Amino acid sequence: MKRYNVIVIIFAVGALLTSFSNQRVTTIYLIGDSTVADYSLEEEYDSKRYPLVGWGQMFQPFFAADSLKHVEHLLGKVDQVKVDDRAKGGRSTRTFFQEGRWSAIYNVLQKGDVVMIQFGHNDAAENKPERYVDIQGYKEFLRLFINQTRQKGALPILLTPVARNYPWKEGKLDNVHGEYPQAVKEVAVEMDVKLIDLNELSMAHFSKKGQDYVTKNYFMNFSAGRFQAYPDGQKDNTHFQVAGGSAVARLVFDAMKGL
């Protein structure tokens, strides 16, 4: 190869690497429970868990390059968004913190990153003391996540807990989370934090679709023999199938546009 060609290749590679290094990448960390979690990270997901998803598992595709302009007011001008889903099934605000899951994020959190915070399903579980967190404790842990996110120059966004598929009253889905959604709203006002009221958004969306539709298509309800991971079928009105997770992820992304 001629020396001239070698020099050209070296400069081209150097320019390409510089281009990559100059790209601004923002990470969106998701913290929460099973309704947010990414089950595809587990071993043998297809045979042991599919079609179970959390909405966070379906979130990345909404941040395609041509969609970033819709969230520029939150993220600034970025070239790429990486969704890092750290949510874990069965966790409350307290257990997520106690297990070191939050510190693992805090240690790598960068200025300009985003932390989206959705808990409540397990905090409210009074019958499971290993998870349960009362309203005051719940608010205190939310404040901790917010304060430490801001310490790193990152943006916290609070979300009220996504709806379950009950209770239905006169064709409309009602709140199952007691005072926990209101607690999130109060912390958002108190600390001037951006809020996505996912409880209300999901109740309204599910109500519009109708109980029969969301039961069969959004939540983990299906007969025996349809999926390898659930040979006996499943009846679960908390966790999502792919269509449900995608629908909730869209609700969240659309809400981000208006924050």
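Anyway, here's the lowdown on the structure attached to this text. Here the residue index of a chain counts from 1 through its sequence in written order. At least 70 in pLDDT is required for a residue's local features to be given in this predicted model, at least 80 for side-chain atom pairs to be given and counted, and no such filter applies to totals for whole chains, interfaces and linings, which use all residues. Hydrogens and waters are ignored; side-chain quantities use all the structure's heavy atoms.

**Observations regarding unusual backbone geometry**
Our working rule: Going along the chain from the N terminus, every DSSP run of H or I of four or more residues is numbered as a helix, and every run of E of two or more is numbered as a strand. Residue burial is assigned from relative accessible area. The probe radius is 1.4 Å, only protein chains are included, and a residue is buried under 20% of its type maximum, exposed over 50%, and partly exposed in between.
Here the residue pair Tyr50 and Pro51 is connected by a cis peptide bond, since its omega of 15° sits within 30 degrees of zero. Of note, Pro51 is situated in the loop between α2 (45-48) and α3 (72-75). Residue Pro167 follows Tyr166 across a cis peptide bond; omega there is 0°. Mapped onto the elements, Pro167 comes out in the loop between β4 (155-159) and β5 (168-169). Its identity as a non-glycine residue notwithstanding, Glu44 has a phi of 55°, on the positive side. With respect to the helices and strands, the residue Glu44 is situated in the loop between β1 (25-32) and α2. Its relative accessible area of 49% is what places Glu44 among the partly exposed residues. If you check the backbone angles, Asp192 has positive phi at about 55° while not being a glycine. Relative to the elements of secondary structure, Asp192 occurs in the loop between α7 (180-191) and β7 (194-196).

**Some remarks on the pairing of β1**
As a reminder, the rule being used: Note on pairing: two strands pair once DSSP finds at least 2 bridges between them.
Within β1, 7 of the 8 residues are buried, leaving the element largely enclosed by the surrounding structure. Note that β1 and strand β2 (residues 80-85) share 6 bridges and pair parallel. The residue of β2 that forms the bridge with Val25 is Gln80. Sheet analysis places β1 next to strand β3 (residues 114-118), joined by 5 bridges and oriented parallel. Its bridge partner lying in β3, Tyr29 is registered against Val115.

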